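Observations on the three-dimensional arrangement
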Amino acid sequence: MVFQLDNDQQTTHQITLGKNPERIRDHNRRVVLDVVRQHGSLGRMHIARLTHLTAQAIANIVDELVSEKLLMQTGRLRAGRGQPPKQFAVNPDGAMTIGVEMASDHMVTTVLDLAGQPRLRRITPVKDTSPEKLSKQFASEIAEIKQSFTAPLLGVGAVMPGPFDVEGMTSVGPTTLPGWADIDAAAFLSEACGETVIIENDASAAAVGERLFGAGHGISSFAMIYFGAGIGLGMIVDGMPFRGAFGNAGEIGHVVVSPLGRPCACGQQGCLERYASHYSLREALNQAGIESTEFDDLVTLHEEKNPVLMHWLHEAAAHLAPMIAMIENILDPQTVILSGMLPDSILQELVTMMGTLPISVASRQERVMPRVILGATGQFTAALGAAALPLFEVMTPKLDTASDL
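Predicted, not measured: the structure shown is a model, and the values here were computed from it.

Cut-offs applied
Position labels on residues start from 1 in each chain and follow its written sequence. Under the rules for a predicted model, residues below a pLDDT of 70 receive no local features and side-chain atom pairs below 80 are neither given nor counted, while totals for whole chains, interfaces and linings still include all residues. Only heavy atoms go into the side-chain values, all of them from the structure, while hydrogens and water stay out. We call a set of buried Ala, Val, Leu, Ile, Met, Phe, Trp, Tyr and Cys residues a nonpolar core when their side-chain atoms join them within 4.5 Å. Whether a residue is buried, partly exposed or exposed follows from its accessible area with a 1.4 Å probe, protein chains only, as a fraction of its type maximum: under 20%, in between, or over 50%, in that order. By definition, any uninterrupted DSSP run of H or I lasting at least four residues is a helix, any uninterrupted run of E lasting at least two residues is a strand, and each is numbered from the N terminus. What makes two residues a contact is simply this: any of their non-hydrogen atoms within 4.5 Å. Two strands are said to pair when DSSP picks up at least two bridges between them. A fitted line through C-alpha atoms represents every axis, and for helices the fit uses only the stretch in contact; the resulting angles, taken between N-to-C directions, go from 0 to 180 degrees. Distance thresholds for patches are 9 Å for like charges and 5 Å for nonpolar side chains (Val, Leu, Ile, Met, Phe, Trp, Tyr), applied to residues having over 30% relative accessible area and no salt bridge. Per-residue and other accessible areas follow the Shrake-Rupley method at a 1.4 Å probe size, with only the shown protein chains counted as cover for residues. Note on definitions: salt bridges are taken to be side-chain nitrogens of Lys or Arg within 4 Å of carboxyl oxygens of Asp or Glu. Each direction from the helix axis to a C-beta atom contributes to the arc, which is the arc of those directions. Under this rule, positive means Lys or Arg and negative means Asp or Glu; His and the chain ends count for nothing. Side-chain atoms alone can form a polar contact between residues adjacent in sequence; in general such a contact is a pair of N or O atoms within 3.5 Å, and within protein one must be able to donate a hydrogen while the other accepts it. Working definition: a ring pair exists when centres of Phe, Tyr or Trp rings (six-membered ring for Trp) sit within 6.5 Å. Plane angles under 30 degrees give stacked, over 60 give edge-to-face, the rest tilted. Geometrically, a charge over a ring is one whose NZ (Lys) or CZ (Arg) sits within 6 Å of the ring centre while staying within 35 degrees of the ring normal. A residue's pLDDT is simply how confident the predictor is in it, with values from 0 to 100.

Next up on the list: the nonpolar core. Ile225, Leu320 and Met354 are the most contacted members of the largest nonpolar core, which totals 35 residues. Within the residue set of this core, elements represented by two or more residues are strand E9 (222-227), strand E10 (231-237), helix H7 (278-287), helix H8 (295-303), helix H9 (307-331), strand E12 (336-340) and helix H10 (344-354). Looking at this core element by element, the count peaks at 11 residues for H9. Ignoring any residue separated from it by four or fewer positions in sequence, one finds Ile225 in contact with Ile231, Gly232, Leu233, Ile252, Leu320, Ile324, Ile327, Val336, Ile337, Leu338 and Ser339. Formed by 27 residues, the second largest nonpolar core is a distinct cluster that contains Ile61, Val62, Leu65 and Phe392.

What follows covers the environment of Met96. Its place among the elements puts Met96 in strand E4 (residues 96-102). Relative accessible area serves as the criterion here: at 3%, Met96 is assigned to the buried category. In sequence terms Met96 and Val156 are 60 residues apart; their C-alpha atoms lie 9.2 Å from each other. The residues contacting Met96, other than those within four sequence positions of it, are Val111, Leu112, Asp113, Ile145, Lys146, Phe149, Ala151, Pro152, Leu153, Leu154 and Gly155.

Across the sheet, five strands lie side by side as E6-E5-E4-E7-E8; this open sheet has mixed pairing. One side of each edge strand has no neighbouring strand; the edge strands of this open sheet are strand E6 (118-125) and strand E8 (197-201). With strand direction ignored, the average angle separating the axes of adjacent strands in the sheet is 15 degrees. In the sheet, strand E5 (residues 106-113) pairs with E6 via seven bridges, with the strands oriented antiparallel. Across the sheet, residue Thr109 finds its bridge partner in E6, namely Arg122. On top of the sheet, helix H4 (residues 131-148) reaches E4, E5, E6, strand E7 (153-160) and E8; it is set at about 155 degrees to E4, its chief contact.

Here the focus is a nonpolar patch on the surface. On the surface, Met326, Ile330 and Leu331 cluster together into a nonpolar patch covering about 280 Å² of accessible area. Inspection of the secondary structure assignment puts Ile330 in helix H9. For Ile330, a relative accessible area of 63% translates into the label exposed.

All chains considered together, the criterion is met by 18 salt bridges. Its salt-bridge partner being Arg282, residue Asp105 comes within 2.1 Å of it at the nearest N-O pair. Highlighted residues: Asp105 in the loop between E4 and E5 and Arg282 in helix H7, separated in sequence by 177 residues. Taking the relative accessible area as the measure of exposure, Asp105 reaches 24% and is therefore partly exposed. For Lys146, the salt bridge is made with Glu195, and the minimal N-O distance between the two is 2.7 Å.

Another point: helix H5 (residues 185-193). Along an α-helix, residues three or four positions apart point the same way, because every turn accommodates 3.6 residues. Listing the buried residues of H5 in full gives Ala185, Leu189, Ser190 and Cys193. The buried residues of H5 occupy an angular sector of 125 degrees when projected down its axis, which confines them to one face. Tucked inside the fold, the buried residues of H5 contact E4, H4, E7 and E8. Immediately beyond the C-terminal end of H5, within one or two residues, lies Gly194, with a positive phi of roughly 75 degrees.

Before going further, it helps to examine the side chain of Glu101. Mapped onto the elements of the fold, Glu101 is located in strand E4. Among buried charged residues, Glu101 stands out as having no salt bridge; its nearest opposite-charge side chain is Arg282, 11 Å away. Side-chain polar atoms of Glu101 contact the side chain of Tyr226, separated by 2.7 Å. With residues up to four places along the chain from it excluded, the contact list for Glu101 reads His106, Met107, Val108, Val159, Asp202, Tyr226, Gln379, Ala382 and Ala383.

Once that is clear, we can look at the packing of aromatic side chains. Throughout the structure, instances matching the rule amount to one aromatic pair. Centroid distance Trp180 to Phe188: 5.7 Å. Interplanar angle 90 degrees. Geometry classified as edge-to-face. Just above the ring of Phe380 sits the side chain of Arg121; from NZ or CZ to the centre is 5.5 Å.

Per-residue confidence for the protein gives a mean pLDDT of 85; residues scoring 70 or more make up 86%. The low-confidence segment residues 168-172, where pLDDT is below 50, has 18 contacts with residues more than four positions distant or belonging to other chains. Predicted confidence for residues 399-405 stays below pLDDT 50, and this span has 13 contacts to residues more than four positions away or in other chains.

Pairing in this open sheet of three strands is antiparallel, and the strands run E1-E3-E2 from one edge to the other. At either margin of the open sheet sits one strand with a lone partner, and together these are strand E1 (42-43) and strand E2 (71-76). Judged from the five bridges that link them, E2 and strand E3 (residues 86-90) form a sheet pairing that is antiparallel. When the bridges of E3 are listed, Arg76 appears paired with Lys86.

Here's what the structure looks like:
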């Protein structure tokens with residue numbers, strides 16, 4: 001999937017131009033919605049100039065989108081002589097999207113309006129991740145939201161821990177969803193809730209969420225280390241997510257960082273996930289007799305400088321620092337963002353403990369921003385990205401259909 005995301009560092013917006021033949025009407029609708037979303041309230045002639053579509057084509061498309069309540073009239077622009085032109089903007093109440101992150105022990109749900117503003121955010125525990133039980137909980141969540149909102153549902157995005165379709169790694173271990181390996185998750189969940197569901201890797205969706213709503217807004221190329229149950233890497237390159245050929249790019253959790261180290265469920269020893277992940281922290285605390293490890297509990301444990309937590313931080317920092325340098329050497333991002341299901345105070349302590357990072361291509365004296373920064377959307381990052389999937393599927397022109405202008 002390709003997203004056309006705004007690049008706030010540029011003075012002009014990237015615009016995919018429209019086409020006039022009737023056969024690409026759906027593409028032209030996306031072009032108009034995308035232009036209005038980027039620029040705010042616009043008149044028909046202004047839209048025509050920006051998209052290179054004819055005035056008649058714009059008139060037809062705008063009228064159609066207004067009738068469908070995807071656009072709304074915002075008044076008239078008072079400028080010059082003659083009848084002031086009508087202005088149109090995206091109608092926030094015209095539709096909504098739902099994003100759901102399904103993890104090994106929790107479900108995060110968000111609702112976005114058509115303008116991309118969050119209308120609902122919540123986290124619920126998950127006790128059974130089997131396909132049958134989890135799909136029922138997923139369907140119940142979607143049904144409850146549909147009853148709570150009057151706006152029509154534009155689509156549903158769901159994110160799951162990867163990797164996908166990899167022998168020995170997919171749905172293996174406590175940080176994944178056991179039992180889902182041989183299931184077409186998109187089809188299975190779509191049938192369960194009665195809506196078309198788009199599936200994405202959790203770290204990739206998290207990067208999209210941070211790009212649109214968090215610290216990545218205005219950064220055209222960044223890497224994002226995402227702490228779900230495990231640990232993954234999402235990448236935004238030139239404003240767009242990089243997923244790899246099979247949607248598994250960024251699977252850093254199973255990179256061996258300690259040869260002959262702790263055994264991992266994937267069959268290897270010394271994987272990064274065994275030292276620097278939400279699960280590895282909870283495992284260490286549980287082994288020390290600390291059973292309460294929810295988000296607020298972790299905040300309290302950090303405030304108390306709990307020795308088990310502090311030991312985990314030292315160990316995680318020691319293994320994460322060279323991984324960050326490796327990511328920088330391979331991707332050359334503007335910065336690396338840390339985010340996910342860990343409290344900001346713990347993530348900030350992790351950055352502090354990493355200290356001076358190993359030398360890499362990012363070791364430049366003249367830097368615009370630090371090599372590592374914290375995300376701004378926290379526990380809701382991946383779910384926000386999930387909700388953005390159907391939003392951009394409908395409102396963003398596809399680059400492969402924008403040729404031959």
